[in-house]
Amino acid sequence: MKEKTMAQVISQQEIAPRIYDLWLKTSLAAQARPGQFIGVYPKNAGTLLPRPISICEINAEKTALRIVYRIAGQGTAEFSALKPGDQAAVLGILGNGFPLEAGKGKRCFLMGGGIGVPPILQLAKELEGDKSVILGYRDSSLFLKEDFEQYARVYVATEDGSRGTKGNVMDAIAENALEADVIYACGPLPMLRAIKQYAAHCGIKAYISLEEHMACGVGACLGCVVKTKEVDPHSHVHNARICTDGPVFDAEEVEI
Amino acid sequence: MNTQVNIAGVTLKNPVMTGSGTFGSGMEYGEFVDLNRLGAVVTKGVANVPWPGNPAPRVAEVYGGMLNAIGLQNPGIEVFMERDIPFLKQYDTRIIVNVCGKTVEDYLEVVEKLGDEPAVAMLEINVSCPNVKEGAIAFGQKADALYRITEEIKKKARQPIIMKLSPNVTDITEMARAAEAAGADALSLINTITGMKIDIHRRRFALANKTGGMSGPAIKPVAVRMVYQAAHAVQIPVIGMGGIATAEDAIEFILAGATAVSVGAMNFVDPYTTVKVVEGIEDYMRTYHVENITDLIGAVE
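Conventions and cut-offs
- Residues numbered from 1 in each chain as written.
- Chains lettered and ligands numbered in written order.
- Predicted model: local features only at pLDDT ≥ 70, side-chain atom pairs only at ≥ 80, totals over all residues.
- Heavy atoms only, no water.
- Helix = DSSP H or I, 4+ residues; strand = E, 2+ residues; numbered from the N terminus.
- Phe/Tyr/Trp six-rings, centres within 6.5 Å; stacked < 30°, edge-to-face > 60°.
- Buried < 20%, exposed > 50% of the residue type's maximum accessible area, 1.4 Å probe, protein only.
- Lys NZ or Arg CZ within 6 Å of the ring centre and 35° of its normal.
- Domains from an automatic or database assignment.
- Contact = heavy atoms within 4.5 Å.
- Buried area = accessible area lost by both parts, 1.4 Å probe.
- Salt bridge = Lys/Arg side-chain N within 4 Å of Asp/Glu carboxyl O.
- Polar contact = N/O pair within 3.5 Å; in protein donor to acceptor, adjacent residues only side chain to side chain.
- Nonpolar A, V, L, I, M, F, W, Y, C, P; charged D, E, K, R; others polar.

A.B. asks: Hey, could you go over unusual backbone geometry for me, with residue numbers and the actual values?
C.D. replies: Going from A56 of chain B to P57 of chain B, the amide bond is cis rather than trans, its omega being 0 degrees. Of note, P57 of chain B is situated in the loop between β4 (40-42) and β5 (59-62). Across the junction of L189 of chain B and I190 of chain B, the peptide omega takes the value 10 degrees, indicating a cis bond. The topology assignment puts I190 of chain B in the loop between β10 (186-189) and β11 (193-196). The phi torsion at R18 of chain A lies on the positive side, around 65 degrees, for a residue other than glycine.

In structure tokens form, the structure reads like this:
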């Protein structure tokens, strides 16, 4: 059952330039799964729509959610000023999440690029398989790397070569001669396109988490669509709703 | 206290409806609100065949509102009648189906199919969507074109028809009169106001469609003015909408002359808005000892 409710800020810190790590105490955590997201509302009446932000981590008691976001505009700039004890309206739980069964007992890549790194942390915690986490960053301002190291082997790529493999996550796979049976990924579109192509080439499944500007977050406005290979069973056209049919899609099924 | 209103012979338990395109067919919001509480559910526009809509990005936020250029994506009338209408029939609310098309024939095909479905109380004819290249607004920006399509649809329609008017016109009263003269049973307004947003960092349009329809609280004063003008230009009932966020907003539209109101973009902001508006209207009526909501229609002095 989705709801709009008030969450309370437990803690917040800037973990890399303009990247914020926010823990919220919220009843929404009880139903949360890796790869799902919540809508967070700014208080400023000029910025009305909920900001879709992926769940980074769910606490063991399922009473709190961790979101790690980048300041991208007025809404997220406002969130970055939230202090412990502050209230924030949230909408959730939204989206489908990563399919955990697909990778169970298999060799899995968990790939995150930039602000696509946080959504795969809870997946790394919950997935029961042989996990290689491959993280791509712009430069040496890494974030969440230590968090991932508790749950899996971690490989890093940086665009400027300052840490790990110079290049992107695909370069890190090549340099370390890694192989997988299943891929889970979240990141910028060029990265997801490369992963889709790589998975098709290797004949393996890739589950990719997409983003798009959205208004309602619940499947009503049809704002956040992605083109699909087949006619979508809900829309009856070649479009699926990222907010409700996704954000995680089988890479084969979407045209990106 | 009586919150009932009557539009073209159809009684609504209260004047609160949903703005087409902001509520799907109610399935998504049924998780948040009891659809039985609403005067009517107005569905997303439906055409004779499935429409894919526009490329993404389709939505962008603007100050106090948003732009959309969905492009009337819809599954087509066949799926709609098999899936969406049976869903809505489970609820004690009026079903109003929004109809769109590229040609007059497209509209007529949908109108005739819906004529066989007695659960559909009224049809709202979308001649005002600014985001599609053919049809829709092409019929809604010239009085003679609006007159002709209204007349054609009225000949075939078995339910009362509501013509949904665009605010992107020079004189809303001319459009309102044309629709009335052609036999429209009611009017609804305003549809979205055409707008544009540019991402200055990327030097690109925020929407793939370049332009989009603006909705949300920021457009309310424009909508109230147009509802007032239209309601005073015609005898048929007017359904008012545009930025309604609260019961106070809804009352404002009713005082301006609206018989009913629709909650649109605010569903996206607060999914409980519709029922909050229903309850808030009742509170207002108690506070001001209003026995019949109809006493408020056009009661601004």
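Additional details are given in the paragraphs that follow.
A.B. asks: So what's going on with the packing of aromatic side chains? Which residues, and what values?
C.D. replies: Per the stated rule, a full pass over the model turns up eleven aromatic pairs over all chains. With a centroid separation of 4.6 Å and 40 degrees between ring planes, the pair formed by Y284 of chain B and Y288 of chain B is classed as tilted. By relative accessible area, Y284 of chain B is classed as partly exposed at 24%. Here the aromatic cluster, defined as three or more aromatic residues joined through ring pairs, consists of F23, Y29, F32 and Y272 of chain B. Between K4 of chain A and the ring centre of Y41 of chain A, over which it is positioned, the NZ or CZ distance is 4.0 Å. The ring of W51 of chain B carries K102 of chain B above its face, with NZ or CZ at 4.0 Å from the centroid.

A.B. asks: Describe the domain arrangement of chain A, with residues and values.
C.D. replies: Residues and elements named next belong to chain A. Domains assigned within chain A are domain 1 (3-94) and domain 2 (101-255). Taking only C-alpha atoms into account, the centre of domain 1 sits 21 Å from that of domain 2. Counting residues at the interface gives 21 residues for domain 1, matched by 24 residues for domain 2. When the two sides are added together, the surface that domain 1 and domain 2 hide from each other amounts to roughly 1800 Å², 65% of it contributed by carbon and sulfur. Taken together, the connections running from domain 1 to domain 2 amount to two salt bridges. Notably, a salt bridge pairs K125 with E57, separated by 3.0 Å at the nearest N-O pair. Run the count over domain 1 and domain 2 and you get five residue pairs in polar contact (both at pLDDT 80 or more). Every element with two or more residues in the side of domain 1 that touches domain 2 is listed here: β1 (3-16), β4 (51-54), β5 (57-58), β6 (64-70) and β7 (87-94). Grouping the constituent residues of the side of domain 1 that touches domain 2 by class yields 16 nonpolar, two polar and three charged.

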